[in-house]
Each structure stands twice: as structure tokens, then as C-alpha cells.
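Structural overview for review
Chain residues, written in single-letter form:
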Amino acid sequence: MRHEHGRARRVAAVLAAVLTWAGALAGAAGCTAGTGSGGVLGKPPAAEDLIRISPDDGDRGVRPGRHLSVRVPRGRLESVTAVRSQDARQTPVPGRISADGRRWEPDDGRLALAAKYTVDAVAVDEAGRRSARHAAFTTYVPDKRFIGYVTPEDRATVGTGMIVSLEFNRAIADRAAVERAVTVTARPAVEIRPHWFGRDRLDFRPRRYWKPGTEVTVALRLRDVEGAPGVYGLQHKTVAFTVGRHQVSVVDAAAKTMKVRRDGQLLATVPITAGAAKTTTYNGKMVVTEMLDVTRMNSRTVGFGGEYDIKDVPHAMRLTDSGTFLHGNYWAPRHVFGRANVSHGCIGLRDVKGGGADTPAGWFFDRTLVGDVVEVVRSKDKKVAPGNGLGGWNMSWRAWRAGSALD
């Protein structure tokens, strides 16, 4: 009897335990059912469900044209912080949350290329519960880039005839896009317009010569601009220069003289020698773009065969890309200057070997700035092409303005 009673007690204990666990499970099931689809009471929804970030976390090589955005389908955004890492520098990405709190977008909708973006967002759902999400992605790294070489140099002081010129290292197909990314401004303000020469050069000038003392700023915002299919700009830089005094020199090829005027006053009339009958000098307005104390001039580089090779031409001032210079000449007889045109198209001033400070060439060189205008008249040649050097002053304002890709 003792054996039967002990067995009954053990069975009762097991039944009691089973009932206890069943009740507990029933209670748990009742609690879960009571919260609906939102999960356990008090637990916020998954961050990826509440906060949607585009591009997605972990995306690589995000192509141009995609836009960064953060949104919530319900609730509201509390804060968004975005950072761009590029060229070993971290830069905050400014943006703003919409009035209804559902969306955040950056102020600049374009994504930078070859960059990493990180985004941290905090949102609050309808029940007041916070969720936070972190995302990171990288953007496309282009194989081909283009840059623009700017004339004049940064912080230069130039003559009033200076034309801002950008030479691109690749042909530009979308000239309008590139033109929009370059701005040239002046203080005091003046209208400045662009003109394209082919697909690799963009020049800017005012209607008339700059006023002395004008401060000019060239802003290149070419970075990530698609200048041609698959070719993107690399630069984000600013160049500034100052306009000095006003000097224009008029070369009369028939009279064989050059009259140098500064701020309207005649400084000097200098005897010159211009191009000979078979190698005449261009007519028209040319701008000094380069000044060299001494340089080598070889006729083969300008299409004259082996007619000359002078290794030490002094006081050389470049006027055209094709090779027209105004320079010192020590090899011609002294009586040539002012009496005969004997050059191969350049304008020669009397000088001595090595260059003399007290010669006509040395005097003029010391009083010249890059950006000064030299105008040739009465030569038996055509007018210099506007794109040969900084020859844009030979175009009417109407023709110049017609060279914009945006007009």
C-alpha cells in the first residue's frame, strides 16, 4: 500500500507541473496576441522598416544621376547627419528636413564622384518610439577626367586687354554643361561673356577693355561635370587677378614705327622692323601672353624650313599661338629699324646680344605686362584669327556673344 500511495503522489506532481507550464504558455500567447503586428509591447519597429535611405547601405560604385535622400513612411525624422569623405577630407553634407518631417534631402542634389558617404538618421514613430539607422555607400570612380588650364595665372597683375582663357586637356562634347560650371566676375561689375573656340577652349572677355584696377575672379566648378560621355571634370578652384594700368601699342607696318600709349598718353614712338614682303605680319589686335628674357627661335617650328635658328633671342613677348613675337633683334643692322621690314612675321626692336636694358627692346620689355595690347595696322596681310592667341578683340561684341553654348 505504501508503494501505491508513493506512485500516486508522483503522478499528481507531474500533472501539476504540466498544468502550471500550460497556464504560463497560455498567458504568454495572450500577451503576444494583444500587441497586434507591432511586436512585443514597447519595442520599436526595425530601423530599416521605419527609416529608408537611398542609395542603400553598402552600395558601391553609385553612378551619376542618383540622389541622396532619407525618408520615413510614417512618423517623422528627428535628425539626419550626412558626411562626404573625398580626397582624404571629410565634409558635412548640408540638407534639410521637409515641413512634414517625412523626408530629408541635401541642398546639392548631385552626388560627388569617387567619394564615400555616411548617413546617420534618427526617427520617431507614431507611438513616440525612437529608431536610429546608419548607412554608408561609395560613388562611381571615373576612368577619364578633364581639367582646364587657366590664363592668366592666379594673383597676376595684367594689362587691360587680358582675355580669360581655359584650355581643356580633352575635347568637350557638352559645352553647355561646362560653360555653366565656370563663372567670371569683376569688381567693379561689368558684363562678361564666354566664347568657344572649337571643343577644347573657352574664353571670357568684357565688351571693351577692362578698367584699370578691376579685380577679376574665375571660379571653376568643374568637378564631376560630365564634359563628354564618361569624362568628368576634376577641378574645384578659384583664380583671381588684378588689372593694372592701360597700355596699347600700335605698330604701323608701313611707317615702320610703334607708338606706345599708356592711359591715353604717348610714351614713345619706337622704330621697328616688321614682316618682309613674303613673310608679312598679321594685322589686328594681339595680346601679350608670355614674356621671356631670352628664348630660342627656330624657323622649323613655324613652317619656314631651315631659314633660321637663333638660340638667344632677347626680350621676347609672345603675341600669337602660331609664333608671332615682338622681340629684341641684335643681328640685323641698326639702319634697318624704322626703314625696312625684314622679319619672318615678327616685330623686331633694336637690341644687343644678351639683351640691353637701355635699348628700345629693353625699354619696352620693362614697361610691358602680360595682357597688354599690341595692334598692327597697314600690313599687307590678313587680320589675325580671333582664336590665334588672345585675338578675341578682333571680333564684334555680337559675334563674340554668339560663341556661347547657352545662347
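Residues numbered from 1 in each chain as written. Predicted model: local features only at pLDDT ≥ 70, side-chain atom pairs only at ≥ 80, totals over all residues. Heavy atoms only, no water.

Bringing the overall build of the protein chain into the picture now. Across its full length, the protein chain holds five helices and 28 strands. Counting across all 407 residues of the protein chain, residues that qualify as buried make up 43%. Considering only intrachain contacts with a sequence separation of at least 6, the fraction spanning at least 24 residues in the protein chain is 64%. (Helix = DSSP H or I, 4+ residues; strand = E, 2+ residues; numbered from the N terminus. Buried < 20%, exposed > 50% of the residue type's maximum accessible area, 1.4 Å probe, protein only. Contact = heavy atoms within 4.5 Å.)

The strand order across the open sheet formed by three strands is β9-β18-β17, and the pairing between neighbours is mixed. Two strands lie at the open edges of the sheet, namely β9 (144-146) and β17 (226-228), each paired on one side alone. With strand direction ignored, the average angle separating the axes of adjacent strands in the sheet is 45°. Judged from the three bridges that link them, β9 and strand β18 (residues 231-233) form a sheet pairing that is parallel. Looking at the pairing, Lys-144 lines up with Val-231 of β18. (Pairing = 2+ DSSP bridges. Axes fitted to C-alpha atoms, helices over the stretch in contact; angles between N-to-C directions.)

Our next topic: the nonpolar core. Among the nonpolar cores identified, the biggest contains 39 residues, and Leu-166, Phe-168, Val-178, Phe-204, Leu-222 and Phe-241 are the most heavily contacted of them. Contributions of two or more residues to this core are made by β12 (164-168), α3 (175-180), β13 (182-187), β14 (192-196), β15 (201-206), β16 (215-221), β19 (236-243) and α5 (397-401). With sequence-adjacent residues up to four places away left out, Phe-204 is seen in contact with Ile-163, Val-164, Leu-166, Val-182, Val-184, Ile-192, Arg-193, Pro-194 and Trp-400. (Core = buried A, V, L, I, M, F, W, Y, C linked by side-chain atoms within 4.5 Å.)

With mixed pairing, the five strands of this open sheet are ordered in space as β22-β21-β20-β28-β23. For this open sheet the edge positions go to β22 (265-271) and β23 (284-287), each flanked by a neighbour on one side alone. Neighbour-to-neighbour, the strand axes of this sheet turn through a mean angle of 20°, independent of strand direction. Relative to strand β28 (residues 373-377), β23 runs antiparallel, the two being bridged by four bridges. Residue pairing for β28: Val-287 is matched across the bridge by Val-373.

This next bit is on the layout of surface pockets. Quantified by volume, the largest pocket comes out at close to 560 Å³. Taken together, 21 residues line the largest pocket, and the ones lying closest to its centre are Arg-84, Gln-86, Ala-112, Arg-223 and His-236. Mapped onto the lining of the largest pocket, the elements with two or more residues apiece are β3 (76-86) and β4 (89-92). Tallying contributions element by element places β4 first for the lining of the largest pocket, with three residues. In the lining of the largest pocket, the residues fall into nine nonpolar, three polar and nine charged. (1 Å grid on protein atoms, 1.4 Å probe; cavity = no way out; pocket = protein on both sides within 12 Å on 5 of 7 lines; lining within 4 Å. Points joined across faces, edges and corners; volume = space filled by probe spheres on them. Nonpolar A, V, L, I, M, F, W, Y, C, P; charged D, E, K, R; others polar.)

Summed over the entire model, instances satisfying the criterion amount to seven aromatic pairs. Geometrically, the ring pair formed by Tyr-209 and Trp-393 is edge-to-face, given 4.7 Å between the ring centres and 75° between the ring planes. Separated by 184 residues along the polypeptide, Tyr-209 in the loop between β15 and β16 and Trp-393 in the loop between β28 and α5 bring together distant segments of the chain. Residue Trp-393 is classed as buried on the basis of its relative accessible area of 8%. In this structure an aromatic cluster arises from ring pairing among Phe-146, Phe-168 and Trp-196. The ring centre of Tyr-140 lies 3.8 Å from the NZ or CZ of Arg-63, which sits over that ring. (Phe/Tyr/Trp six-rings, centres within 6.5 Å; stacked < 30°, edge-to-face > 60°. Lys NZ or Arg CZ within 6 Å of the ring centre and 35° of its normal.)

Along the chain, Asn-283 falls in the loop between β22 and β23. Accessibility expressed as a relative area gives 13% for Asn-283, which makes it buried. Each residue touching Asn-283, except ones within four places of it in the same chain, is listed here: Val-376, Val-377, Arg-378, Ser-379, Asp-381, Lys-382, Lys-383 and Val-384.

Tracing the backbone shows His-134 in strand β8 (residues 130-138). Residues His-134 and Val-80, spaced 54 residues apart in sequence, show a C-alpha to C-alpha distance of 10.0 Å. Beyond its immediate sequence surroundings of up to four residues, His-134 is in contact with Asp-57, Thr-118, Val-119 and Asp-120.

Attention now goes to the pairing of β28. With five bridges joining them, strand β20 (residues 247-252) and β28 adopt parallel strand pairing. Bridge pairing in β28 places Val-250 opposite Glu-375.

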